[in-house]
Amino acid sequence: MTRTGVRGLPRHAALLVVVLAVLAGTAACTTAGGPGEPAATGGAAGVPAGLREAARATEAAGSARVESATTIGSTISLSAEGVLGWADGVTGTLTLTCTGGTMAGTLRRLGSTTMQARYLPDAYYARMGDAFAAQTGGRHWVRYAYDDLDSLAGGSGAQLGDQMRNSTPDRSLSLLLASGDVRRVGTERVRGERTTHYSGTVEAGDTAVTGQTVDVWIDERDLLVKKVEKGRTASGELIQTAYYGDYGAEAGAERPPASDTRDLADLVRAGEGKGA
């Protein structure tokens, strides 16, 4: 990846991919392989039994309310809040707010420092502001179809697509289960609840994030209630803290009107046609 987002895209379309790259990891930055396939190496032989129980319980819950705060060096600080489901592909709606960083100015010019993100099984939608819509025929929503991302820029887009499809709490636990380096830290309280803290390192399939560590806190119902992820990127240190609760909450996402939506693939082609 480059400053514009993904290698090979024309500069006219690069801003769209920058926004995509930022939004892709806001719900849960943990990088994984393809759907249902942990990217970490190693095995689960040394994983504490409590973590295996937590993985099963969290996966079975099917949905949860998410609150997260993400910082990537001095590039951006972003918060996210909403409900995500994972029983049949990722589904849900989040409100994303840019709280700082050098990218804040870019998003401010697009009228998009706060936006809504909708996850559906086949695509991810982000609602941009009026300033952005003025440049896209009056349409506010950008549709990031996962199939389009898989073929974007020689595979770089596929990594972003995987992040979107694997942005749920059960995936964080799957990575730790597949890791050969995880340990039980002890018991701690999280928002008044008694929890068990586990810590580990993961080897992600996306080399854009290195030195990745994941800490998780499991409550007495064997559900993940907190995650702290750290790693290094070309833009600086990645730090994300996420809280999960209200498991089983309804995770709905309505597909935006087609008349107010543009596909990322169409916008990229338009940029290529202008040769900008």
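Each value, and the rule that gives it
Every chain is numbered independently, its residues counted from 1 as its sequence is written. Only residues with pLDDT of at least 70 get local features here, since the model is predicted, and only at 80 or more are side-chain atom pairs given and counted; chain-wide, interface and lining totals rely on the full set of residues. Only hydrogens and water are removed before side-chain values are computed, so all heavy atoms of the structure are retained for them. Put simply, DSSP H or I for four residues or longer makes a helix, DSSP E for two residues or longer makes a strand, and each gets a number counted from the N terminus. Accessibility here uses a 1.4 Å probe with only protein chains present; expressed as a share of the type maximum, an area under 20% marks a residue as buried, one over 50% as exposed, and anything in between as partly exposed. Per-residue and other accessible areas were derived by the Shrake-Rupley procedure at a 1.4 Å probe size, with only the shown protein chains allowed to occlude residues. Values of pLDDT, the confidence the predictor places in each residue, fall between 0 and 100. Every residue pair with non-hydrogen atoms within 4.5 Å of one another is taken to be in contact. Between any two strands, pairing holds if DSSP finds at least two bridges. The axes are straight lines fitted to the C-alpha atoms, using for helices just the contacting stretch, and the angles between their N-to-C directions are given from 0 to 180°.

Colleague: Which residues make up the overall build of the protein, and what values do they have?
Modeller: Helix and strand content of the protein: eight helices and twelve strands. Counting every position in the protein, which comprises 276 residues, the buried fraction comes to 54%. Only carbon and sulfur atoms are counted for the fraction: they give 46% of the accessible area of the protein, which is about 11800 Å².

Colleague: Please provide a residue-by-residue account of the confidence of the model for the protein, values included.
Modeller: Parts of the model with low pLDDT should not have their predicted coordinates read in detail. Looking at the protein as a whole, the pLDDT averages 78, with 72% of positions reaching at least 70. Residue range residues 31-44 is modelled with pLDDT below 50. Its contacts to residues more than four positions away, or to other chains, number 47 contacts. The low-confidence segment residues 154-158, where pLDDT is below 50, has eight contacts with residues more than four positions distant or belonging to other chains.

Colleague: Go over the sheet that holds strand S6 (residues 141-145), please, and point to the residues and values.
Modeller: Here twelve strands make up an open sheet; going across it, the order is S7-S8-S9-S10-S11-S1-S2-S3-S4-S5-S6-S12 and the pairing mixed. Unpaired on one side and paired on the other, strand S7 (182-190) and strand S12 (261-263) mark the two borders of the sheet. Here the strands of the sheet are splayed against their neighbours by 20° on average, with no regard to which way each runs. Judged from the four bridges that link them, strand S4 (residues 114-120) and strand S5 (residues 123-127) form a sheet pairing that is antiparallel. Following the sheet pairing, tyrosine 119 is matched in S5 by tyrosine 124.

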